[in-house]
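# A look at the structure
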Amino acid sequence: MEGTAADQRPRSAFATYARFVPLSAGDLQLFGEGGHRRLWELLGSHVEPDGVRFAVWAPKARGVEVLGDWNGWAGGDSLARQGESGIWAGEFAGAQAGHRYRFGIRSVDGAYTVKAD
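Let me begin by describing the structure that accompanies this report. From a predicted model like this one, the values you see are computed outputs, not experimental measurements. (Residues numbered from 1 in each chain as written. Predicted model: local features only at pLDDT ≥ 70, side-chain atom pairs only at ≥ 80, totals over all residues. Heavy atoms only, no water.)

## Notes on the overall build of the protein
A tally of regular secondary structure across the protein gives one helix and 10 strands. Considering the protein as a whole, with its 117 residues, one finds that 43% of them fall into the buried category. Put simply, of all contacts in the protein between residues at least 6 apart along the chain, 63% involve residues at least 24 apart. Put simply, the protein shows about 6,700 Å² of open surface, and 54% of that area lies on carbon and sulfur atoms. (Helix = DSSP H or I, 4+ residues; strand = E, 2+ residues; numbered from the N terminus. Buried < 20%, exposed > 50% of the residue type's maximum accessible area, 1.4 Å probe, protein only. Contact = heavy atoms within 4.5 Å. Areas by Shrake-Rupley, 256 points an atom, 1.4 Å probe, with all protein chains shown as cover.)

Quick look at the structure:
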């Protein structure tokens, strides 16, 4: 079964939904102040007990999704904005260690770009 993502592209039948994983208030504060010294632990992909957590800084994005091996590269796996930090994050149970992925970023002007991490 296929549907349509918010950006009018076909949505994969394999699309999964992110479990919202809020980043800590301390991490977001340090990031906003420019004082976070361990960003590699915050951004990118990280294998967790229930899936893989993804986070990316896209401050001017209207929306961010993850495309990868687990969803047939069709996207539809949306990340959640983390307050006003510009960071988008979420965890997907369908993703596993070793899966390849990219971020699909919808800008405020409607342009859609796929970027490697």
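This is not the end of the story, as more comes after the structure.
## Let's talk about the sheet that holds strand E5 (residues 61-68)
One open sheet holds the four strands; their spatial order is E6-E5-E9-E10, and the pairing between them is antiparallel. Two strands in the sheet have a free side with no partner beyond their single neighbour: strand E6 (77-78) and strand E10 (112-115). (Pairing = 2+ DSSP bridges.)

## Digging into the pattern of salt bridges
Taken as a whole, this structure holds two salt bridges when the rule is applied. For the salt bridge of Arg 53 with Glu 48, the shortest nitrogen-to-oxygen distance reads 3.3 Å. Its relative accessible area of 9% is what places Arg 53 among the buried residues. Look at Glu 48 and you get partly exposed, because its relative accessible area is 27%. Residue Arg 100 is joined to Asp 69 by a salt bridge in which the shortest nitrogen-to-oxygen separation is 3.0 Å. (Salt bridge = Lys/Arg side-chain N within 4 Å of Asp/Glu carboxyl O.)

## What to know about the sheet that holds strand E7 (residues 80-81)
Spatially, four strands are ordered E3-E4-E8-E7 in an open sheet, and the strand pairing comes out antiparallel. In this open sheet, the two edge strands, each paired with only one partner strand, are strand E3 (44-48) and E7. Taken together, the six bridges between strand E4 (residues 51-57) and strand E8 (residues 87-92) define a ladder with antiparallel strand orientation. The residue bridging Val 52 from the neighbouring strand is Phe 92, located in E8.

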